[in-house]
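Geometric and topological summary
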Amino acid sequence: MKALQSVFLLMLAVPVAFGQVGGHVRSARASEQPVALVRRLYTEVVSRQPIGVTNGADMTTFAPYLSKTLRHRIDLTAACEADYFRQYPQANEKPYFGWLELGLYSGDGENAGPSAFQIERTQAQKDGTVRVYVTLTHAESDERPWTWRIAAVVRREGGHYVVDDVIYLKDKNNPTDARLSKLLSEGCNGPRWVGEGGHQR
């Protein structure tokens, strides 16, 4: 009788155990998807090193990795930049745009041209997004390489993962975190240039 009870309990336990293992596998695979997306995106970033508002061939390349919201922000920023040049066609000064020398996916100035990247970790957020932390490296033959970090904000959209924002993480050169979504709206009111104090509605 005891032998039968043991066999019965074992029969009940096996599906539960496999269900738990299967759950862990599904969970692991789900967490790998944002990493795979970001890895593909930053392979393109290192290869192309885009600077300024993404458009033309670059937008064709990067659009599949981006959320509809982020693509819309980029389109508005491109229209805002065009509006600036319509308003100031004879401007002799270098225009101030937060995105002028910005690598949208990597950072400003020299950080716009990373030569390598490494994905460090992921962090799930309460709003359902996942932050994928990436260390970027810039190396030139006559200079010592330097590194900096960003976090790609990834979320599900239409059954797959997309990048919805990029956070340029604070370091010794930048005292606070900065967000791509905010930089894209500086000086703009939707598609119109309204000046450095302006903002996007």
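Residues numbered from 1 in each chain as written. Predicted model: local features only at pLDDT ≥ 70, side-chain atom pairs only at ≥ 80, totals over all residues. Heavy atoms only, no water.

1. Observations concerning the nonpolar core
The tendency in soluble globular proteins is for nonpolar side chains to be buried as a group. Ranked by internal contacts, the top residues of the largest apolar core, which has 39 residues, are Tyr42, Ile74, Trp99, Tyr105 and Ile150. Looking at this core, the elements that each hand over two or more residues are helix H1 (2–48), helix H2 (56–62), helix H3 (68–87), strand E4 (130–138), strand E5 (146–157), strand E6 (160–168) and helix H4 (180–183). Among the elements that line this core, the one with the most residues is H1, at 6 residues. The residues touching Tyr42, leaving out its near neighbours within four places in the chain, are Tyr105, Phe117, Leu136, Ile150 and Val166. Counting residues in each nonpolar core, the second largest holds 5 residues, with Tyr133, Ala151, Val153 and Leu169 among its members. (Core = buried A, V, L, I, M, F, W, Y, C linked by side-chain atoms within 4.5 Å. Buried < 20%, exposed > 50% of the residue type's maximum accessible area, 1.4 Å probe, protein only. Helix = DSSP H or I, 4+ residues; strand = E, 2+ residues; numbered from the N terminus. Contact = heavy atoms within 4.5 Å.)

2. Comments concerning a negative patch on the surface
On the surface, Glu110, Glu140, Asp142 and Glu143 cluster together into a negatively charged patch. By secondary structure assignment, the location of Glu140 is in the loop between E4 and E5. (Patch = residues over 30% accessible without salt bridge, like charges linked within 9 Å, V, L, I, M, F, W, Y side chains within 5 Å. Areas by Shrake-Rupley, 256 points an atom, 1.4 Å probe, with all protein chains shown as cover. Salt bridge = Lys/Arg side-chain N within 4 Å of Asp/Glu carboxyl O. Lys, Arg positive; Asp, Glu negative; His and termini not counted. Charge placed at Lys NZ, Arg CZ, Asp CG, Glu CD.)

3. With respect to the sheet that holds E6
If you trace the 5 strands from one edge of the open sheet to the other, you get E3-E4-E5-E6-E7, paired in antiparallel fashion. This sheet does not close on itself; its edge strands, each paired only once, are strand E3 (116–124) and strand E7 (178–179). Alignment of E6 against E7, held across 2 bridges, turns out to be antiparallel. Across the sheet, the residue bridging to Ile167 is Arg179, located in E7. Taken strand by strand, H3 contacts E5 and E6, and its axis lies near 50° from that of E6. (Pairing = 2+ DSSP bridges. Axes fitted to C-alpha atoms, helices over the stretch in contact; angles between N-to-C directions.)

4. Here we look at the state of the cysteines
If you walk through the whole model with that rule in mind, you get 1 disulfide. Note on cysteine connectivity: Cys80 is disulfide-linked to Cys188, with sulfurs 2.1 Å apart. What sets the handedness of the Cys80 and Cys188 disulfide is the S-S torsion sign, and at about -95° it is left-handed. Remark: Cys188 occurs in strand E8 (residues 188–189) and Cys80 occurs in helix H3; sequence separation between them is 108 residues. (Disulfide = S-S within 2.5 Å.)

5. Here's the deal with the confidence of the model for the protein chain
Per-residue pLDDT for the protein chain has a mean of 83; in total, 81% of the residues score no lower than 70. A low-confidence stretch, residues 12–28 stays under pLDDT 50, and its non-local contacts, those more than four residues away or across chains, total 1 contact. (pLDDT = per-residue confidence, 0-100.)

6. Considering the environment of Asn111
Turning to its location among the elements, Asn111 is positioned in the loop between strand E2 (107–108) and E3. Along the chain, Asn111 and Trp146 lie 35 residues apart, while their C-alpha atoms are 9.3 Å from each other. Excluding anything up to four places from it in sequence, Asn111 contacts Ser106, Trp146 and Trp148.

7. As for the layout of surface pockets
Gaps left between atoms show up when a probe the size of a water molecule is rolled over them. The space that makes up the largest pocket amounts to roughly 220 Å³. As for the largest pocket, its lining consists of 17 residues, of which Asp108, Tyr168, Asn174, Thr176 and Ala178 are closest to the centre. In terms of residue count, the dominant contributor to the lining of the largest pocket is E5 (3 residues). The class makeup of the residues in the lining of the largest pocket is 8 nonpolar, 5 polar and 4 charged. Estimates place the volume of the second largest pocket at around 150 Å³. In terms of lining residues, the second largest pocket is bounded by Asn111, Trp146, Thr147, Trp148, Asp171, Lys172, Asn173 and Asn174. Split by residue class, the lining of the second largest pocket holds 2 nonpolar, 4 polar and 2 charged. (1 Å grid on protein atoms, 1.4 Å probe; cavity = no way out; pocket = protein on both sides within 12 Å on 5 of 7 lines; lining within 4 Å. Points joined across faces, edges and corners; volume = space filled by probe spheres on them. Nonpolar A, V, L, I, M, F, W, Y, C, P; charged D, E, K, R; others polar.)

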